[in-house]
Amino acid sequence: MIRLREIQRVLNFAGAVLGSHDTAPTPTSAPWDPMPTVAYDGGVVMLSPELAGFTDARFGDFTTGNVLKDGLDVLVAEAEERTSWIPEFWQGVDACRATCPAFAFCGGAHAANRYFEHAGRFDGTKTQYCTTAKIALLEGVTRHVRSHAR
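Residues numbered from 1 in each chain as written. Predicted model: local features only at pLDDT ≥ 70, side-chain atom pairs only at ≥ 80, totals over all residues. Heavy atoms only, no water.

The next point concerns the packing of aromatic side chains. Counted according to the given criterion, the structure contains 10 aromatic pairs. Taken together, a centroid distance of 5.1 Å and an interplanar angle of 65° make the contact between Phe54 and Phe116 edge-to-face. Remark: Phe116 occurs in helix H6 (residues 111-117) and Phe54 occurs in the loop between strand S2 (43-45) and strand S3 (65-66); sequence separation between them is 62 residues. A relative accessible area of 39% means that Phe54 is categorised as partly exposed. On the accessibility criterion, Phe116 (43% relative accessible area) is partly exposed. A ring pair is formed by Phe62 and Trp85, whose centres lie 6.2 Å apart and whose planes are at 75°; its orientation type is edge-to-face. Highlighted residues: Phe62 in the loop between S2 and S3 and Trp85 in helix H4 (residues 85-99), separated in sequence by 23 residues. (Phe/Tyr/Trp six-rings, centres within 6.5 Å; stacked < 30°, edge-to-face > 60°. Helix = DSSP H or I, 4+ residues; strand = E, 2+ residues; numbered from the N terminus. Buried < 20%, exposed > 50% of the residue type's maximum accessible area, 1.4 Å probe, protein only.)

Here is the structure:
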């Protein structure tokens, strides 16, 4: 049998829901995973490696700081205070939580997708990425399971 990672992820999620277990942790229920990316010059971008190397008029270079000046542990601990776009990103995650029926599965999208698909904003909700890679996947596997459960 060949196992496909994406389908397995949906089935694991469905099993957790049906078994009344916790699904994926959300930013308010678990420590966030900052996923720090260290660029060639020591600049550290949190949450989204895809933002490394980009600049924006509102957010500058998206970095939280530089490991050549401050330790990575300090940058992670102070990320939300040091990085102006992270609170806006959490607003978008909260908006997804409030409006999207697939939120428990996807957790609210990825920062770079939000930024690039919402004209430089992190507080938007649905993106093409979540529509095609998360929502369509969840709906497709769910349809398949329902059609074969009879």
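Attention shifts here to the packing of helix H1 (residues 5-18) against helix H7 (residues 128-148). Taken N-terminus to C-terminus, the directions of H1 and H7 make an angle of 70°; their axes are 10 Å apart at the nearest point. Taken together, the axis directions place H1 and H7 in an arrangement best described as roughly perpendicular. Contacts from Glu6, Ile7, Arg9, Val10, Leu11 and Phe13 in H1 reach Lys134, Leu137, Leu138, Val141 and Val145 in H7. Within the contact of H1 with H7, the residues separate by chemical class into 8 nonpolar, no polar and 3 charged. (Axes fitted to C-alpha atoms, helices over the stretch in contact; angles between N-to-C directions. Parallel < 35°, antiparallel > 145°, perpendicular 65-115°, else oblique. Contact = heavy atoms within 4.5 Å. Nonpolar A, V, L, I, M, F, W, Y, C, P; charged D, E, K, R; others polar.)

Attention now moves to the environment of Tyr115. Structurally, the position occupied by Tyr115 is in helix H6. The exposure class assigned to Tyr115 is buried, which follows from its relative accessible area of 9%. As for Tyr115 and Trp85, which are separated by 30 residues in sequence, their C-alpha atoms are 9.7 Å apart. Ignoring anything within four residues of it in the chain, the contact list for Tyr115 reads Leu51, Thr55, Asp56, Phe59, Phe62, Gly120, Arg121 and Phe122.

Right, let's talk about the environment of Asn66 for a bit. The topology assignment puts Asn66 in strand S3. Assessed through its relative accessible area of 15%, Asn66 is described here as buried. The sequence separation of Asn66 and Lys134 amounts to 68 residues, and the corresponding C-alpha distance is 33 Å. Other than its neighbours up to four places away in sequence, Asn66 contacts Asp41, Gly42, Gly43 and Leu75. Among the polar contacts made by the side chain of Asn66, one reaches the main-chain carbonyl oxygen of Asp41 at a distance of 3.0 Å. (Polar contact = N/O pair within 3.5 Å; in protein donor to acceptor, adjacent residues only side chain to side chain.)

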